[in-house]
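# Analysis of the macromolecular model
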Amino acid sequence: MRVLTVILLIALAGCGGPRDLVGVETTVPIEAVSELKQHRIYIATPRAASDDPAEFFSGRRADELSFAVVDVTVPPAHEKGKIERPRSIPADPRRHFVIRTPQRFRNGSDFQKSLSAQVNSRKTSGRDVLLFIHGYNTNLTSAVLQMAQFVEDTGYQGTPILFTWPSRGQTTKYVYDINSALIARDHLINMFSVMNSSAIEGYDLVAHSMGTFLVMEAGRQISITTGLNPTGKAHNVVLAAPDIDIDLFVSQISRFPERYRRIVVLVSEDDKALAASRRVAGGVDRVGQTPVEILAGLGINAIDLSAVEDTGSLAHSKFKDSPEIVQLLGVALEQNSSFANEARYSLGRTVGNTIDGALNVVGIGDE
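Residues numbered from 1 in each chain as written. Predicted model: local features only at pLDDT ≥ 70, side-chain atom pairs only at ≥ 80, totals over all residues. Heavy atoms only, no water.

### Regarding helix H8 (residues 272-280)
Listed in full, the buried residues belonging to H8 are Ala273, Leu274, Ala276 and Ser277. Considered in projection along H8, the buried side chains sweep an arc of 155 degrees and stay on one side of the axis. Measuring from the side-chain oxygen of the N-cap residue of H8 to the backbone nitrogen of Ala273 gives 3.1 Å; that N-cap residue is Asp271. Directly after H8, the chain includes Gly282, whose backbone phi takes a positive value near 80 degrees. (Buried < 20%, exposed > 50% of the residue type's maximum accessible area, 1.4 Å probe, protein only. Helix = DSSP H or I, 4+ residues; strand = E, 2+ residues; numbered from the N terminus. Arc of directions from axis to C-beta. Polar contact = N/O pair within 3.5 Å; in protein donor to acceptor, adjacent residues only side chain to side chain.)

Right, dumping it as structure tokens:
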């Protein structure tokens, strides 16, 4: 038990959860801060609601999906690849991300009406949606801040939706979290029907760590029952640092027709959080540390980020913590390509700190 605890503590920095910060007091009014950027983030979650307003939704599991929306402000001096969060309350919007104006919807119908209105208010080129699924050990506040930072740093022009499953946000709750991810499969499948709304022209999906396990389980079920991407609205599917047993992943992807395997998988050999997960899992390799040649053999767009320096998250969150990578993903997400596109992508590429040909490196453009 002592060894297991140490291993999980090592993994803490991989996803990590800050204190609860939803709707907290600020040192100065938001309106008094000039050059402040703001992102409206829609939330769909099978988390149970919390009695604590700052927590908003807890790590407990609910039987049904709940829906909400928050606004997140980004400080004027924000640095790409970082989340400037307050160490104490009140938060200072001049220096910190601030989660404000939380609102719960009565039901899914109200959520979809608001979402459609938000999408329709955008320019034609911005009527896409980004669905983001976080990883292990992530409370609601952390999930919201991760998505807000990713949207800001990539320059994503569409509407962000956070699907936040009931992670406990505690280092020692790894088994609880993985079971929560399994329980959330049907809820995520239901969310894909929302993506087919007539107001939404297309959608991108980005998942991290244990969230990729949830995506692949839901995708496997959809492939078996209704078939993947029947409307053609799904564009880019990005799995960052997948915390999935490689044998399980092979089983999952085998259910995907070959033309639907062109998802982008970001791997890194120096991912210390996945190294810890591998030990907990009995020594079975994780997809996020698998050589790109093996994944390319499965038809996957595998991108090796091992050469990209990242000291802030034990190399587990390079997709958003590395300014170079988050900018590349921003370019890729703008292309409206499809993971079912017939064009052959560049497989098994390596990305370093000095990057040329950004679009081709991440495998989103035709060769």
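Right, picking up where we left off after that structure.
### Some details on helix H2 (residues 108-120)
With 13 residues, H2 extends 18 Å between its outermost C-alpha atoms, agreeing within 8% with the 18 Å of an ideal straight helix rising 1.5 Å per residue. If you follow the buried residues of H2, they end up packed against strand E1 (37-49), strand E2 (57-74), strand E4 (128-133), strand E5 (159-163) and helix H5 (185-194). N-cap assignment for H2: the residue whose side-chain oxygen lies 3.2 Å from the backbone N of Ser109 is Asn107. (Expected span 1.5 Å × (residues − 1). Contact = heavy atoms within 4.5 Å.)

### A look at a positive patch on the surface
There is a patch of like positive charges on the surface, built from Arg60, Arg61, Arg168 and Lys173. Residue placement: Arg60 occurs in strand E2. (Patch = residues over 30% accessible without salt bridge, like charges linked within 9 Å, V, L, I, M, F, W, Y side chains within 5 Å. Areas by Shrake-Rupley, 256 points an atom, 1.4 Å probe, with all protein chains shown as cover. Salt bridge = Lys/Arg side-chain N within 4 Å of Asp/Glu carboxyl O. Lys, Arg positive; Asp, Glu negative; His and termini not counted. Charge placed at Lys NZ, Arg CZ, Asp CG, Glu CD.)

### As for the packing of aromatic side chains
Under the defined criterion, the tally for this structure stands at 10 aromatic pairs. Ring geometry for Tyr42 against Phe105: centres 6.3 Å apart, planes inclined by 5 degrees, an arrangement best described as stacked. With Tyr42 in strand E1 and Phe105 in the loop between strand E3 (98-104) and H2, this residue pair connects regions lying 63 residues apart in the sequence. Comparing Tyr42 with Phe105 shows no difference in burial state: the two are buried. Seen in terms of ring centroids, Phe105 and Phe111 are 5.8 Å apart; in terms of plane orientation they differ by 80 degrees. Their pairing is edge-to-face. Relative accessible area serves as the criterion here: at 12%, Phe105 is assigned to the buried category. Put simply, the rings of Tyr42, Phe67, Phe105 and Phe111 touch in pairs and so form one group of aromatic residues. (Phe/Tyr/Trp six-rings, centres within 6.5 Å; stacked < 30°, edge-to-face > 60°.)

### Regarding the confidence of the model for the protein
Of all residues in the protein, 86% have pLDDT values of 70 or greater, and the mean over the chain is 86. Below a pLDDT of 50 lies the segment residues 351-367, which in the model reaches 52 contacts outside its immediate sequence neighbourhood of four places, other chains included. (pLDDT = per-residue confidence, 0-100.)

### Considering the pairing of strand E8 (residues 264-267)
Covered by surrounding structure in E8 are Val264 and Leu266 together with Val265 and Val267, the residues of both alternating faces. Bridge count for strand E7 (residues 234-240) against E8 is three bridges, and the pairing is parallel. Residue pairing in the sheet places Val238 in a bridge with Val264 of E8. (Pairing = 2+ DSSP bridges.)

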